[in-house]
Amino acid sequence: MKMPGSYYDDLTDSELAGEIDALETQVDQIKARGLSLNMARGKPCPEQLELSTPMLDVLGSGSSLFASDGTDCRNYGCLMGIPEARELFGQIMGVPADRVFVGGESSLTLMHDVISHGMVHGIAGCEPWLLQAQRAPLKWICLVPGYDRHFAITEYFGFELVSVALRDDGPDMDEVERLVADPTVKGMWCVPMYSNPSGIVYSDEAVARIAALRPAAPDFRVMWDNAYCEHHLYDDHPTLANVFDACEAAGNPDLVYEFCSTSKITLPGAGVSAMAASPANLADLKAQLTVQMIGHDKLNQLRHVRFLRDVDGVHEHMRRQAQVLRPRFELVDRRLTQGLADLRVATWSRPRGGYFVMFNGPEGSAKAIVSLAGECGVKLTGAGATWPHHDDPRDSDIRIAPSFPSLEELDEALDVFVTCVKLVCARLAAASRGTGADER
Ligand SMILES: Cc1ncc(COP(=O)(O)O)c(C=O)c1O
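Conventions and cut-offs
Residues numbered from 1 in each chain as written. Predicted model: local features only at pLDDT ≥ 70, side-chain atom pairs only at ≥ 80, totals over all residues. Heavy atoms only, no water. Helix = DSSP H or I, 4+ residues; strand = E, 2+ residues; numbered from the N terminus. Rg over C-alpha atoms; globule rule 2.2 N^0.38 Å. Buried < 20%, exposed > 50% of the residue type's maximum accessible area, 1.4 Å probe, protein only. Contact = heavy atoms within 4.5 Å. Areas by Shrake-Rupley, 256 points an atom, 1.4 Å probe, with all protein chains shown as cover. Lys, Arg positive; Asp, Glu negative; His and termini not counted. Charge placed at Lys NZ, Arg CZ, Asp CG, Glu CD. Pairing = 2+ DSSP bridges. Near = heavy atom within 4 Å. Polar contact = N/O pair within 3.5 Å; in protein donor to acceptor, adjacent residues only side chain to side chain. Nonpolar A, V, L, I, M, F, W, Y, C, P; charged D, E, K, R; others polar. Axes fitted to C-alpha atoms, helices over the stretch in contact; angles between N-to-C directions. Parallel < 35°, antiparallel > 145°, perpendicular 65-115°, else oblique. Left-handed = near helix turned anticlockwise from the far one by under 90°. Salt bridge = Lys/Arg side-chain N within 4 Å of Asp/Glu carboxyl O. Phe/Tyr/Trp six-rings, centres within 6.5 Å; stacked < 30°, edge-to-face > 60°.

(A) Summary view of the overall build of the protein chain. If you tally the helices and strands in the protein chain, you get 14 helices and 13 strands. Taking 440 residues into account, the globule formula puts the C-alpha radius of gyration at 22 Å, and the protein chain, at 24 Å, falls close to it. Across the 440 residues that make up the protein chain, the buried fraction comes to 56%. The contacts of the protein chain with a sequence gap of at least 6 include a subset with a gap of at least 24, amounting to 77%. Entry remark: accessible area of the protein chain is about 18200 Å², with carbon and sulfur atoms responsible for 51%. Here the protein chain contributes 40 positively and 61 negatively charged side chains, and the mean placements of these two sets differ by 2 Å.

Right under this line is the structure:
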């Protein structure tokens with residue numbers, strides 16, 4: 001977003017100075033209130049957690065604690081997950097149950113472990129990435145804006161992070177296709193539905209082009225993190241093409257690992273994660289899983305299936321979640337529109353699902369806005385967090401996470417945010433005029 005053409009650019013120097021004075025007074029008054037509000041991380045609010053708390057009552061000492069195949073869920077065993085949990089996640093991800101591994105409470109851990117497997121043992125019989133990296137640095141495609149914890153995993157394992165634009169309908173596929181011709185490019189992070197943070201959904205064409213990639217590296221993999229596949233805010237919601245069907249059709253069955261979890265369906269502190277993969281990829285990973293554990297928490301798997309029942313039960317439950325979340329997202333849009341639309345200084349997303357709103361201010365504004373909001377008692381996700389190495393080249397992206405605060409707190413936090421945006425934009429306009437001569 002360019003500053004020229006903003007409301008502040010149209011003011012005379014003295015009008016602009018007056019505006020800055022007034023905004024600085026407002027900011028001082030806000031600081032004096034000693035607020036402590038948080039729009040930083042995408043955590044469910046207590047009201048959402050309440051929706052899933054009855055799940056804790058579905059298993060008791062008097063319940064049957066046996067899975068459908070007779071497995072005693074109190075005991076060791078069932079490495080890949082109990083059959084009904086594999087079935088449920090298979091329905092959620094649109095794959096047969098035998099393509100599913102059910103993990104512990106965190107899908108991020110599964111993603112970390114897949115990359116770790118590639119590093120130490122190699123993907124499906126290929127040379128371990130650690131050894132390959134001794135000859136030439138390995139690279140990973142990071143779609144921007146994206147999820148900081150994804151970037152952190154591949155950074156932790158020493159990959160060079162290559163930024164590629166995520167557009168309104170998916171990745172810049174011309175650029176992805178160009179990059180995968182390089183055999184040192186080993187993978188790509190994707191959040192295909194309600195992407196964190198921009199909220200976009202990949203078009204069918206984007207999914208088809210990803211599935212049809214012909215990477216030079218035989219161990220190139222797409223990490224398809226479908227964390228928000230069930231997180232629609234409206235009944236009338238977009239749909240996502242089935243990536244495994246697209247991969248089959250493109251003759252590329254082993255290209256993708258898909259991940260999801262119930263972190264934001266039930267309880268992030270005690271959910272269940274899952275991964276879907278081709279038979280070859282699952283067999284490859286199973287070699288590691290077998291050594292790593294005897295089996296994850298089957299009582300939690302059973303508890304989840306008895307509570308959610310099937311994919312229709314998940315949809316029903318998520319409609320209740322949406323009733324809690326929708327007013328928060330609508331409040332964000334309303335407050336930003338009321339406060340900023342006429343000033344022509346920023347744009348923001350209006351997602352149909354997921355957990356975030358993406359805010360784009362003028363170039364050079366994000367760090368200043370986040371810092372000023374912090375001084376005013378409103379914590380936001382760190383500026384730059386949606387870029388590899390926290391380095392947003394335009395310093396303009398801010399991720400807003402509206403789920404956790406109450407509506408009243410969110411309202412107050414947005415008021416503060418809008419005031420901070422205005423002051424930073426007004427100061428930028430003044431700075432861009434140099435000596436401040438009145439040009440009008
Ligand atoms: C895209 C994405 N993937 C994964 C996670 C975390 O998933 P889990 O709780 O299953 O580790 C989040 C949490 O914000 C997320 O936004």
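(B) Representation of the sheet that holds strand β13 (residues 397-400). The sheet built from 3 strands is open, its strands ordered β10-β11-β13 with antiparallel pairing. Of all the strands in the sheet, the pair left with one neighbour each is β10 (347-348) and β13. Of the pairings in the sheet, the one linking β10 to strand β11 (residues 357-360) comprises 2 bridges and is antiparallel in character. Opposite T347, over in β11, you have N360 as the bridge partner.

(C) Representation of the site of the ligand. Lining the immediate surroundings of the ligand are S106, S107, L108, Y147, V191, N196, D225, A227, Y228, S261, S263 and K264. In this structure, an oxygen atom belonging to the ligand sits 3.4 Å away from a side-chain N or O atom of Y147. Protein contact buries 88% of the 400 Å² of open area that the ligand shows by itself. A class-by-class count of the residues in the shell around the ligand yields 5 nonpolar, 5 polar and 2 charged.

(D) Representation of the packing of helix α12 (residues 311-340) against helix α14 (residues 407-431) in the model. At their nearest, the axes of α12 and α14 sit 10 Å apart, and the two run at 30° to each other. Judged by the angle between their axes, α12 and α14 are roughly parallel. Viewed along their axes, α12 and α14 form a crossing whose handedness is right-handed. Contact residues: α12 offers P327, R328, L331, V332, R335, L336, G339 and L340, while α14 offers L407, L410, D411, L414, D415, F417, V418, V421 and K422. Considered class by class, the residues forming the contact of α12 with α14 number 11 nonpolar, 1 polar and 5 charged.

(E) Fine view of the pairing of β13. With burial as the criterion, each face of β13 is covered, one bearing D397 and R399 and the other bearing I398 and I400. Two elements, β11 and β13, share 4 bridges in a ladder whose sense is antiparallel. The residue bridging V357 from the neighbouring strand is I400, located in β13.

(F) Expanded view of the pattern of salt bridges. Tallying each qualifying case throughout the model produces 21 salt bridges. Between R178 and E175 there is a salt bridge, with the nearest N and O atoms lying 2.9 Å from each other. Note that R178 and E175 are positioned in helix α7 (residues 173-179) at a spacing of 3 residues, about one turn of the helix. Between D333 and R350 there is a salt bridge whose closest N-O contact spans 2.9 Å. On the criterion of sequence distance, the pair formed by D333 in helix α12 and R350 in the loop between β10 and β11 is long-range, its members being 17 residues apart. Given a relative accessible area of 22%, D333 falls into the partly exposed group. Exposure remark for R350: the relative accessible area of 54% places this residue in the exposed category. Via salt bridges that share partners, D174, E177 and R209 belong to a single interconnected network.

(G) Region of the structure containing the packing of aromatic side chains. According to the stated counting rule, one finds 11 aromatic pairs in the structure shown. When the centroid spacing of 5.1 Å and the interplanar angle of 70° are considered together, the rings of Y7 and Y8 count as edge-to-face. By relative accessible area, which is 27% here, Y7 ends up partly exposed. Both rings, one in W140 and one in F159, keep their centres 5.1 Å apart while their planes meet at 75°; by these two values the pair is edge-to-face. With a gap of 19 residues between them, W140 in strand β3 (residues 139-144) and F159 in the loop between α6 (148-156) and β4 (160-167) connect regions that are remote in the sequence. Grouping residues by exposure puts W140 and F159 together as buried. Here the aromatic cluster, defined as three or more aromatic residues joined through ring pairs, consists of W129, W140, F159 and W189.

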